[in-house]
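A closer look at the structure
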Amino acid sequence: MKEIIFPRSLKEGDQIAIISPAGSVEEKQLEKGLEMIKQKGLVPVLGKHVFTKFSNGYSYAGTEKERISDLNWAFNKEDIAAVWASRGGYGCQHLLTHLQLSKFKKNPKWYIGYSDNTVIQSFLLKNNFASIHAQTIKTSSFGVTSESYDLIFDILKGEKPNYNVESNFLNKKGTIEGQLVGGNLALIYALLGTSYSFDFKDKILFIEEIGEKYYALDRMMMSLELAGVFRKIKGLIIGGMTNMGDEKDNKNYEESYDDFANQLISDRLKKYDFPTLFGFPNGHILDNRPLIIGANIKMEIEDKVMVQF
């Protein structure tokens, strides 16, 4: 396995580029997050098209050309120290074939985001760069936990997180170490069979999801099964599963960890014996604790559950 490159720690006064690589966003939705960055002694710098809107069957934050322009600017501008996505949604896949890392490779930066940003994080890991799977700027307006953001800033300062996780009866016990890959399940599924897909061999895979019908969740799990993903990984972490199924029929619809979704996933994994952790606090949930994609982690699942970076 090639050595993974971790961007440098940020210091007071460093600039963080704010870009919108996917869906459109309103200015007021970013106000709280931008103020939070300033309070930490860092300087948010907005991409030219952060608030641009382009409607083409979906409200994108600009055309593909505009969005890739902002992302390449943020990745390659010398005095930018980190890049933080304003939101996810849909559109990051448009950008993969146009991403440029020429100057980024000489001056790596943390990329922060989740959801649709999973595809950019997979691209970065393909090029041996770690990234932070965590809250976007927009989610700061949703009433998320303060720890969700505080822990991001801790990572940006050079600290590594360690998590104690509530035990779940669906867990499969065991202790393993390995490189963490993954993110949003729909995007992992969308990249299967492409040159941008994660390398799953001997990795610990993380998945989370929101707003899918149960049959769609099962279809994605079946695709991973048929692609041999579960024969390759050495461990699995399941994060938030929320707004799943039909709202009118699902009493757990607003919960962070949907009971039926977790049971469905567990049923699909019955023939595998790798350690499996359910209910990790990361995903489209209010308590979204950051994960470092590309980092080596130790996962201990016994009566007590720990994930250590």
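Let me begin by describing the structure that accompanies this report. (Residues numbered from 1 in each chain as written. Predicted model: local features only at pLDDT ≥ 70, side-chain atom pairs only at ≥ 80, totals over all residues. Heavy atoms only, no water.)

1. Some points on the overall build of the protein chain
Applied cut-off: Helix and strand definitions here come from DSSP, where helices need a minimum of 4 consecutive H or I residues and strands a minimum of 2 consecutive E residues; each element is numbered from the N-terminal end. Two things to know: the radius of gyration comes from C-alpha atoms, and the globule rule equals 2.2 Å times the number of residues to the power 0.38. Three labels apply to residues, based on accessible area from a 1.4 Å probe with only protein chains included: buried if under 20% of the type maximum, exposed if over 50%, partly exposed otherwise in between. Contact definition: two residues touch when any of their heavy atoms are within 4.5 Å. A 1.4 Å probe and the Shrake-Rupley method give the accessible areas. Residues count as covered only by the protein chains that appear here. Neither His nor the chain ends is counted toward charge; the positive residues are Lys and Arg and the negative residues Asp and Glu. Where a charge lies is defined by one atom per residue type: Lys uses NZ, Arg uses CZ, Asp uses CG and Glu uses CD.
The helix and strand tally for the protein chain stands at eight helices and 15 strands. Taken over the C-alpha trace, the protein chain has a radius of gyration of 18 Å; the compact-globule value for 309 residues is 19 Å, and the two agree within 12%. When its C-alpha atoms are laid out on the principal axes, the protein chain stretches across 50 × 40 × 35 Å. Expressed as a percentage of the 309 residues in the protein chain, the buried residues total 58%. Across the protein chain, every contact between residues at least 6 apart in sequence was considered, and the portion connecting residues at least 24 apart equals 77%. Total accessible area computed for the protein chain in this model is approximately 13,500 Å², and 47% of it derives from carbon and sulfur atoms. A distance of 6 Å separates the average location of the 38 positive side-chain charges in the protein chain from that of its 39 negative side-chain charges.

2. With respect to the sheet that holds strand β2 (residues 43–46)
Stated formally: Two strands are said to pair when DSSP picks up at least two bridges between them. The angle between two axes is taken between their N-to-C directions and runs from 0 to 180 degrees, where each axis is a line fitted to C-alpha atoms and a helix contributes only its stretch in contact.
Strand order in the open sheet formed by six strands is β2-β1-β5-β6-β7-β13, with mixed pairing between adjacent strands. At either end of the open sheet lies a strand with only one pairing partner, and these are β2 and β13 (291–293). Across this sheet, the average inter-strand angle for adjacent strands is 30°, counted without regard to direction. As defined by bridge partners, strand β5 (residues 80–85) adjoins strand β6 (residues 110–113) across three bridges and the pair is classed as parallel. Considered in β6, the bridge of Trp-84 is made with Ile-112. Sheet strands in contact with helix α4 (residues 146–156) are β1 (15–19), β5, β6, β7 (131–133) and β13, and its direction is about 170° off that of β6.

3. Focus on a negative patch on the surface
The test is simple: Like charges are joined within 9 Å and nonpolar side chains (Val, Leu, Ile, Met, Phe, Trp, Tyr) within 5 Å, but only among residues with over 30% relative accessible area and no salt bridge; these make up the patches. Any carboxyl oxygen of Asp or Glu that lies within 4 Å of a side-chain nitrogen of Lys or Arg is treated as forming a salt bridge with it.
There is a patch of like negative charges on the surface, built from Glu-247, Glu-254, Glu-255 and Asp-259. The partly exposed category is assigned to Glu-255, whose relative accessible area is 43%.

4. Description of helix α2 (residues 64–76)
Basically, it comes down to this: Take the number of residues in a helix, subtract one, and multiply by 1.5 Å to get its expected span.
The end-to-end C-alpha distance of α2, which contains 13 residues, comes to 18 Å, matching closely the 18 Å that a straight helix rising 1.5 Å per residue would cover. Taken as a whole, α2 has its buried residues at Arg-67, Ile-68, Asp-70, Leu-71, Asn-72, Ala-74, Phe-75 and Asn-76. The inward-facing, buried residues of α2 abut β1, β4 (59–60), β5, β6 and α3 (118–126).

5. Here's the deal with the pattern of salt bridges
Oppositely charged side chains may form a pair once their charged atoms are brought near each other. Under the definition given, this model contains 14 salt bridges. The partner of Asp-150 in a salt bridge is Lys-40, and the shortest N-O contact between them spans 3.5 Å. Here Asp-150, found in helix α4, pairs with Lys-40, found in the loop between α1 (27–39) and β2; they are 110 residues apart in sequence, far enough to count as distant. By relative accessible area, Asp-150 is classed as partly exposed at 32%. Residue Lys-40 is classed as partly exposed on the basis of its relative accessible area of 41%. For the salt bridge of Lys-173 with Asp-303, the shortest nitrogen-to-oxygen distance reads 3.1 Å. With Lys-173 in the loop between β8 (162–165) and β9 (174–184) and Asp-303 in the loop between β14 (296–301) and β15 (305–308), this pair connects stretches of sequence that are 130 residues apart.

6. Here's the deal with the packing of aromatic side chains
Just so we agree on the cut-off: Ring pairs are drawn from Phe, Tyr and Trp, using the six-membered ring of Trp, whenever the two centres fall within 6.5 Å, and their geometry is named by plane angle: stacked under 30 degrees, edge-to-face over 60, tilted for the rest. Placement of a positive charge over a ring is assigned whenever Lys NZ or Arg CZ falls within 6 Å of the ring centre and within 35 degrees of the normal to the ring plane.
This model, assessed by the stated rule, comprises 16 aromatic pairs. Geometrically, the ring pair formed by Trp-84 and Tyr-149 is tilted, given 6.1 Å between the ring centres and 35° between the ring planes. A residue pair is termed long-range when its members are at least 10 positions apart, and Trp-84 in strand β5 and Tyr-149 in helix α4 qualify at 65 residues. Both residues of the pair, Trp-84 and Tyr-149, count as buried. An angle of 85° between the planes, with centres 5.3 Å apart, marks the rings of Tyr-163 and Phe-280 as edge-to-face. Of this pair, Tyr-163 sits in strand β8 while Phe-280 sits in the loop between β12 (276–278) and β13, placing them 117 residues apart in sequence. Considered together, Tyr-163 and Phe-280 belong to a single accessibility category, that of buried residues. Aromatic ring contacts, followed pair by pair, group Phe-75, Phe-104, Tyr-111 and Phe-129 into a single cluster. Seen from the ring of Phe-6, Lys-160 lies directly overhead, with NZ or CZ sitting 5.6 Å from the centre.

7. Observations regarding the nonpolar core
Defined as follows: Throughout this description, the term nonpolar core refers to a set of buried Ala, Val, Leu, Ile, Met, Phe, Trp, Tyr and Cys residues connected via side-chain atoms within 4.5 Å.
Within the largest apolar cluster, 99 residues are counted, with the highest numbers of intra-cluster contacts made by Phe-75, Trp-84, Leu-205 and Ile-207. With residues near it in sequence (within four places) discarded, Leu-205 still touches Val-181, Gly-182, Ile-188, Phe-200, Leu-224, Val-229, Ile-233, Gly-235, Leu-236 and Ile-237.

8. Focus: the sheet that holds strand β11 (residues 235–242)
Read from one edge of the open sheet, seven strands run β8-β15-β14-β9-β10-β11-β12, paired in mixed fashion. Because the sheet does not close on itself, it has two edges, and the strands there are β8 and β12. Across this sheet, the average inter-strand angle for adjacent strands is 25°, counted without regard to direction. Bridge count between β8 and β15: four bridges; the pairing is antiparallel. The residue of β15 that forms the bridge with Val-165 is Val-305.

9. As for α4
Those residues of α4 that fall on the buried side of the exposure criterion are Ser-148, Tyr-149, Leu-151, Ile-152, Phe-153, Ile-155 and Leu-156. In the segment just after α4, Gly-158 is the residue with positive phi, at about 105°.

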